[in-house]
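Chain and residue survey
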Amino acid sequence: MADTSAHLPALGTLLTAMVTPFTKDGAVDYEQAAALASKLVDDGCDGLVVTGTTGETSTLTDEENLGMFRAVKDAVGGRAAIIAGTGTNDTAHSVHLSRQAAALGVDGLLLVTPYYNKPSQAGVRAHFETVANAVDVPVMLYDIPGRSSIPIEPDTMIRLAQHPNIVAVKDAKADFVAATRVMAETDLLFYSGDDGLTLPWMALGAVGLVGVTTHVATRRFRELIDAVNANDLGTARKINFELQPVVRATMTRVQGAVAAKQILKWQGVLPNSIVRLPLVEPDEAEIETIRGDLAEAGLVFS
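Definitions and cut-offs
- Residues numbered from 1 in each chain as written.
- Predicted model: local features only at pLDDT ≥ 70, side-chain atom pairs only at ≥ 80, totals over all residues.
- Heavy atoms only, no water.
- UniProt positions renumbered as here; feature names shortened; annotations may be inferred.
- Helix = DSSP H or I, 4+ residues; strand = E, 2+ residues; numbered from the N terminus.
- Buried < 20%, exposed > 50% of the residue type's maximum accessible area, 1.4 Å probe, protein only.
- Contact = heavy atoms within 4.5 Å.
- Areas by Shrake-Rupley, 256 points an atom, 1.4 Å probe, with all protein chains shown as cover.
- Lys, Arg positive; Asp, Glu negative; His and termini not counted.
- Salt bridge = Lys/Arg side-chain N within 4 Å of Asp/Glu carboxyl O.
- Axes fitted to C-alpha atoms, helices over the stretch in contact; angles between N-to-C directions.
- Parallel < 35°, antiparallel > 145°, perpendicular 65-115°, else oblique.
- Left-handed = near helix turned anticlockwise from the far one by under 90°.
- Nonpolar A, V, L, I, M, F, W, Y, C, P; charged D, E, K, R; others polar.
- Phe/Tyr/Trp six-rings, centres within 6.5 Å; stacked < 30°, edge-to-face > 60°.
- Lys NZ or Arg CZ within 6 Å of the ring centre and 35° of its normal.
- pLDDT = per-residue confidence, 0-100.
- Pairing = 2+ DSSP bridges.

If you look the protein up in an unreviewed UniProt entry, it shows as 4-hydroxy-tetrahydrodipicolinate synthase from Pseudarthrobacter oxydans. In UniProt, the protein has this text filed under Subunit (unreviewed entry): "Homotetramer; dimer of dimers."

Written out as structure tokens, the structure reads:
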């Protein structure tokens, strides 16, 4: 595998897939978004994904997406990489939004596998190449068959790696054998797309994490990544064990954006935990389960 260090300053190693805060009346709260971005960077993030899945991109308008890109870039641009979530299942729409994001000066784009349409691998490749051809911005592919219903197959990924703008992958399918082949045959930077698998992913060769639990345990994830990079496996394992209840609370009980906003409200970071339909806030039973998970990690909120 070739040296990947050249891309690290552009994309970072600890990226949070940010939630999109809303006001009480359901409008995007750009002021809160800027404040959250600043806190995440202060606590150790060197990259932020804005309006990805966790940012509820599918229920945002283009104007709201662009407003989020602008607000976060104004808040922390120059201190962290700003990766704009501009992928949809409509290639033309993805091109349109990607061009507008690039014009705002974002540092990269996150493009998810086209969902619902179920294209062939040739269609997947053509979709990504069409968007990458339309901009001069680094592209991170988002491989998440659990949401898109189809994977990016290794042969497809290897061919996509030949495109000069396609430089990274957020992997949320945890096929370590497939990933090993792609890492061995390309220069693509891999990022864990599963918070709880950050340590095994980095042991395999990934450069970092694009996470959701990183909203609520940013500094601990920073320490985990730094420990792996320092070849301190003992410390990395200890931190990984300690983080498991927090990951469980954030990622397994309810949808990630829902849980993250609830916990951020308990932490006093966000004023509310409002999400947009079809997402709904957790019910009392779910809240108690999340509280129980967090208590295992020593996080207790009144």
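We are not done yet, so read on.
The next subject is the overall build of the protein. For the protein, the count of helices and strands is 13 helices and eight strands. For the protein, the C-alpha atoms occupy an extent of roughly 50 × 45 × 35 Å along the three principal directions. Out of the 302 residues in the protein, the part that is buried amounts to 54%. Relative to all contacts within the protein whose residues are 6 or more apart in sequence, the contacts with residues 24 or more apart total 69%. Per element, the accessible surface of the protein, about 12200 Å² overall, is 51% carbon and sulfur.

In this fold, Asp171 is placed in strand E6 (residues 166-171). Although Asp171 lies buried, it forms no salt bridge, and the closest oppositely charged side chain, Lys173, sits 5.2 Å away as judged by the N-O distance. Setting aside residues up to four positions removed in sequence, Asp171 forms contacts with Asp143, Phe190, Tyr191, Ser192, Gly193, Asp194 and Trp201.

Another point: the packing of helix H11 (residues 233-251) against helix H13 (residues 284-296). Where H11 meets H13, the closest approach of the two axes is 7 Å, and the angle between their N-to-C directions is 165°. Taken together, the axes of H11 and H13 are roughly antiparallel relative to one another. Between H11 and H13 lies a crossing whose hand is left-handed. For the pair formed by H11 and H13, the contact residues are Pro245, Val246, Arg248 and Ala249 on the first element and Ile290, Asp293, Leu294 and Glu296 on the second. Of the residues contributing to the contact of H11 with H13, the split by class is five nonpolar, no polar and three charged.

Per the stated rule, a full pass over the model turns up three aromatic pairs. A ring pair is formed by Phe176 and Trp201, whose centres lie 4.9 Å apart and whose planes are at 70°; its orientation type is edge-to-face. Taken together, the positions of Phe176 in helix H8 (residues 176-185) and Trp201 in helix H9 (residues 198-204) put the pair 25 residues apart, joining distant regions of the chain. Take Trp201: its relative accessible area is 0%, and that puts it in the buried class. In this structure, Arg291 is placed above the aromatic ring of Trp266, and the distance from its NZ or CZ to the ring centre is 4.3 Å.

Sequence positions flagged by UniProt for "binding site: pyruvate" (unreviewed entry) are, in local numbering, Thr54 and Val210. Across 157 residues of sequence, these annotated residues stay compact in space, with a maximum C-alpha separation of 10.9 Å. With respect to the element layout, Thr54 can be found in the loop between strand E2 (47-50) and helix H3 (62-76). When residues no more than four places from it in sequence are discounted, the contact partners of Thr54 are Ala17, Met18, Val19, Thr20, Val212, His215 and Ala257. By the element assignment, Val210 lies in strand E8 (residues 208-211). Not counting residues within four places of it along the chain, the set of residues in contact with Val210 comprises Leu15, Ala17, Val49, Met140, Lys170, Tyr191, Ser192, Gly193 and Asp195.

According to UniProt, the "site: Part of a proton relay during catalysis" (unreviewed entry) feature falls on Thr53 and Tyr116. Along the polypeptide, Thr53 turns up in the loop between E2 and H3. In this structure Thr53 touches Tyr142, Arg147 and Gln255, once residues within four positions along its chain are discounted. Within the fold, Tyr116 resides in the loop between strand E4 (108-112) and helix H5 (121-134). Those residues in contact with Tyr116 that sit more than four places away from it in its chain are Asn89 and Ser148.

Turning to the confidence of the model for the protein, a few remarks are in order. When the pLDDT values of the protein are averaged, the result is 95; 97% of them are 70 or greater. Under a pLDDT of 50 for its full length, residues 1-9 has, in the predicted model, eleven contacts with residues more than four places off or in other chains.

This part takes up the sheet that holds E2. Pairing within the closed barrel is parallel, and its eight strands lie in the order E1-E2-E3-E4-E5-E6-E7-E8. In this sheet, adjacent strand axes meet at a mean angle of 25° when their direction is disregarded. Alignment of strand E1 (residues 14-17) against E8, held across three bridges, turns out to be parallel. From the neighbouring strand, Thr16 faces E8, where its bridge partner is Gly211. This element, helix H10 (residues 218-229), spans E1 and E8 of the sheet and lies at about 145° to E1.

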